[in-house]
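Chains, contacts and geometry: an overview
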Amino acid sequence: MTLLEALQLIGYSLGAVLPLWMGYLLFKQRLELVPIQRLLLSLGLCMAGWHAGNLVITLRSLLGVDVARWAPVLRLANTIAVISITLCYSLLLHVHIHLWAGARGRSLTRIERVRIYLSYIPCLFLFVTVPRIWMGSYQPMIAKLSMFLLPFAVWVIYSLAVVAITELLVARRSPSS
């Protein structure tokens, strides 16, 4: 096992289990979740799905399992990973819009609600990408969806920039301890 494979195994395993554990702790706290907690739970499930899908692919390569025989399982793992990672960034923006409104001590404005709906537009690409995973012979997700990598990278950069700016603005508004 190479160092990269060991890091993938450890990283994907922890990435799949930790969000589930945090979700369990969040759910255990109260039975009635407020909207931000439901969003955080959804974000955690998406993170777990993304890492679990990648863990299955990593285990296949580590164990040397025959790709042709396990193609449906690998396609399912890729499908879960693609859906999860696509939803993660939309949910992340959604959470931060709620955090911004909460930091200002008010409910969501009409524009913020529109921004939330707009943040889910990249999920429409799942109607194109998921069938591609299941068409033809099995190939790794990167090979099958290579034409979507650049637009997705731009979406990720945009999402993370908005999240970082929101975090800075929320931190600025909070009283120092």
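Residues numbered from 1 in each chain as written. Predicted model: local features only at pLDDT ≥ 70, side-chain atom pairs only at ≥ 80, totals over all residues. Heavy atoms only, no water.

Here a ring pair, both rings aromatic, is described through the centre-centre distance and the interplanar angle of the planes. Taken as a whole, this structure holds four aromatic pairs when the rule is applied. Both rings, one in tyrosine 89 and one in phenylalanine 152, keep their centres 6.0 Å apart while their planes meet at 75°; by these two values the pair is edge-to-face. Placement of the pair is tyrosine 89 in helix H3 (residues 71–103) and phenylalanine 152 in helix H7 (residues 149–173), with a sequence separation of 63 residues. A relative accessible area of 15% places tyrosine 89 in the buried class. (Phe/Tyr/Trp six-rings, centres within 6.5 Å; stacked < 30°, edge-to-face > 60°. Helix = DSSP H or I, 4+ residues; strand = E, 2+ residues; numbered from the N terminus. Buried < 20%, exposed > 50% of the residue type's maximum accessible area, 1.4 Å probe, protein only.)

Approximately 490 Å³ is the volume attributed to the largest pocket. Lining the largest pocket we find 19 residues, and of these Ile85, Thr86, Phe148, Leu149 and Phe152 sit closest to its centre. Secondary structure elements with two or more residues in the lining of the largest pocket: H3, helix H5 (126–134), helix H6 (141–144) and H7. Its residues placed into classes, the lining of the largest pocket shows 17 nonpolar, two polar and no charged. Reported here for the second largest pocket is a volume of approximately 250 Å³. Within the residue set of the lining of the second largest pocket, elements represented by two or more residues are helix H1 (3–29), helix H2 (35–63) and H6. When residues in the lining of the second largest pocket are grouped by element, the largest group, five residues, is from H2. Class assignment for the residues of the lining of the second largest pocket results in seven nonpolar, five polar and one charged. (1 Å grid on protein atoms, 1.4 Å probe; cavity = no way out; pocket = protein on both sides within 12 Å on 5 of 7 lines; lining within 4 Å. Points joined across faces, edges and corners; volume = space filled by probe spheres on them. Nonpolar A, V, L, I, M, F, W, Y, C, P; charged D, E, K, R; others polar.)

All right, on to helix H4 (residues 110–119) then. Inspection of H4 places Glu112, Ile116 and Ser119 among the buried residues, and these make up the whole buried set. In an axial view of H4, the angular spread of the buried residues amounts to 65°, which keeps them on one side of the axis. Among the exposed residues of H4, those pointing more than 90 degrees away from its buried face are Arg110, Ile111 and Tyr117. Considering only its buried residues, H4 is in contact with H3 and H7. (Arc of directions from axis to C-beta. Contact = heavy atoms within 4.5 Å.)

Let's shift gears to the environment of isoleucine 57. Here isoleucine 57 shows up in helix H2. A sequence separation of 63 residues divides isoleucine 57 from tyrosine 120, and the C-alpha atoms of the two residues are 27 Å apart. Non-local contacts of isoleucine 57, meaning those with residues more than four positions away in its chain, are made with Leu74, Ala77, Asn78 and Tyr138.

All right, on to the pattern of salt bridges then. For the structure shown, the criterion picks out one salt bridge. For arginine 106, the salt bridge is made with glutamate 112, and the minimal N-O distance between the two is 2.9 Å. By relative accessible area, arginine 106 is classed as partly exposed at 30%. (Salt bridge = Lys/Arg side-chain N within 4 Å of Asp/Glu carboxyl O.)

Next up on the list: the state of the cysteines. Throughout the structure, instances matching the rule amount to zero disulfides. Cysteine 88 supplies the cysteine sulfur nearest to cysteine 46, a cysteine that is in no disulfide, at a spacing of 4.9 Å. Given a relative accessible area of 7%, cysteine 88 falls into the buried group. (Disulfide = S-S within 2.5 Å.)

With that out of the way, let us pick up the packing of H2 against H3. Contact geometry for H2 and H3: axes closest at 7 Å, N-to-C directions at 150°. Considered as vectors, H2 and H3 are oriented roughly antiparallel to each other. For H2 against H3, the interelement crossing comes out left-handed. For the contact of H2 with H3, a count of residues per class yields 21 nonpolar, eight polar and one charged. (Axes fitted to C-alpha atoms, helices over the stretch in contact; angles between N-to-C directions. Parallel < 35°, antiparallel > 145°, perpendicular 65-115°, else oblique. Left-handed = near helix turned anticlockwise from the far one by under 90°.)

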